[in-house]
Amino acid sequence: MTDPSLLQPPSPSVIALIGAPAAGKSTFAAQHFQPAEVLSGDFSPELERRLSRGELSVIDAPLTRPDERRRVLEASRAHDLPAVAIVLDLPRQVLEERATRLGLDPATILPEFAELRRTLGGLQKEGFRQVCVLRSVAEIDAAQIRRVPLPPDRRDLPGPFDFIGDVHGCLPELLELLAKLGYSLSGSEVTPPAGRTAVFLGDLTDRGPDSAGVLRLVMGMAASGAALCVPGNHDEKLARALDGKAVRAMHGLDGTLAQMDAAGAAFRAQARAFIGSLPSHLVLDGGRVVAAHAGLPGKYQGRIASRVRSFALYGDVDGSRDELGLPIRRDWAAEYNGQAIVVYGHTPVAAPVWINRTVDIDTGCAFGNALTALRYPELEFVSVPARQIYTPPPRPLPLLGPGTGTPELS
């Protein structure tokens, strides 16, 4: 059972302390946050600087009115970080008594008190991801703060890792690749080499012969701690289909849905819950390496917002299509200047190549080429050939240029 006194704001985020005068916002801020984290007065310039660096920021300023809170919400959206409201909603009598002790006219607090009560119910609609309301002195005194990392933040995991490119239902090749990487397979049980963790880069499904089998295997590995996973655009589309939403069953989705139906309602529900639980990307090993299905620029790494998730799933696209009707994907890696290594897939290539500390390891297994893994921190590729062409590629897989060579780990 969750302790009602325990507040768990995501970190980094921007936290708005909201309360009428004499509610004790400054005292609360001093008790629970570092001085450098608390911003007051003309807070906008410093808030921009802190959020650009991905630092938790607490606003102690008059924020009882929606127009005052708008600056906080605009900054959170601009930097793809969540906004949290902690509201000190003390009774009017308590506020008036405090105001009197402080030598203030109790009447001066009434407009702010009334405005807070009028707008309190609309904070989530304004854009606050989390709203925590403390309604008494006892609740405020009992409050504890525990910062919770954002879902992509797994910097605490140092590896070593085995990043695995787009499987696309190619279960036989996946089993062969895992064995080649040293994973022990016994029935449905997969045991990794000591200390290692597999990281799947999404697009587990469609095109290949056994999407349901791949899902079952990866879900089991994730449940046992043998694997991590991020979603791909094909997985996301499958989730929408499982939700009953109208999607076009193209590019192998029709076969996947047939397999899911054959697997039964319980498995479909498990698969839907699994896909829905996946973070858009993962920041690992102290921020040294990032896993994202379609890649991710430095400015989005470790952050959460719809545009971050969209880029991680689909890449740098604007809706335009080529002569074959395929989405045109701009080459974001050519301009990447981040410090983290980014391992991704999504765009099939004949062979992986390093470009500006990024590497695409989707080597088109379902198209008859290969399934590839990147061992980290060794930065070595391990591949197995496709057993057949499961789906003809729309065009030959590109062999990229020489790139910039294997990067050095920082």
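Relevant structure appears above.
Residues numbered from 1 in each chain as written. Predicted model: local features only at pLDDT ≥ 70, side-chain atom pairs only at ≥ 80, totals over all residues. Heavy atoms only, no water.

### Notes on the sheet that holds strand S6 (residues 83–88)
Thinking step 1. Pairing in this open sheet of five strands is parallel, and the strands run S4-S5-S3-S6-S7 from one edge to the other. The open sheet terminates on both sides in strands that have one partner only, identified here as strand S4 (38–39) and strand S7 (130–134).
Thinking step 2. Relative to S7, S6 is paired through five bridges, and the arrangement is parallel. The partner of isoleucine 86 across the bridge, within S7, is cysteine 132.
Thinking step 3. On the sheet, helix H2 (residues 44–52) packs against strand S3 (14–18), S4 and strand S5 (57–60) and is oriented at approximately 160° with respect to S5.
Thinking step 4. In the packing of helix H3 (residues 66–78) onto the sheet, contacts are made with S3, S5 and S6, and the angle to S3 comes to roughly 170°. (Pairing = 2+ DSSP bridges. Helix = DSSP H or I, 4+ residues; strand = E, 2+ residues; numbered from the N terminus. Contact = heavy atoms within 4.5 Å. Axes fitted to C-alpha atoms, helices over the stretch in contact; angles between N-to-C directions.)

### Some details on the pairing of strand S21 (residues 370–376)
Thinking step 1. Counting buried positions along S21 yields seven of seven residues, so the element is predominantly enclosed.
Thinking step 2. Alternating residues of S21 divide into Ala370, Thr372, Leu374 and Tyr376 and Leu371, Ala373 and Arg375, and every residue in both groups is buried.
Thinking step 3. Of the strand pairs in this sheet, strand S11 (residues 161–164) and S21 are connected by four bridges, and their pairing is antiparallel. Within S21, the residue paired with phenylalanine 161 across the bridge is tyrosine 376.
Thinking step 4. Of the strand pairs in this sheet, S21 and strand S22 (residues 380–385) are connected by six bridges, and their pairing is antiparallel. (Buried < 20%, exposed > 50% of the residue type's maximum accessible area, 1.4 Å probe, protein only.)

### Quick notes on the pattern of salt bridges
Thinking step 1. Scanning all chains against the criterion turns up 24 salt bridges.
Thinking step 2. In this structure, the salt-bridge partner of aspartate 285 is arginine 288, at a minimum N-O distance of 3.3 Å.
Thinking step 3. For arginine 288, a relative accessible area of 34% translates into the label partly exposed.
Thinking step 4. Close ionic contact of glutamate 378 with arginine 375 constitutes a salt bridge, the shortest N to O distance being 3.8 Å.
Thinking step 5. Counted as one network, the salt bridges with shared partners bring together Glu46, Arg49, Arg50, Arg53 and Glu55. (Salt bridge = Lys/Arg side-chain N within 4 Å of Asp/Glu carboxyl O.)

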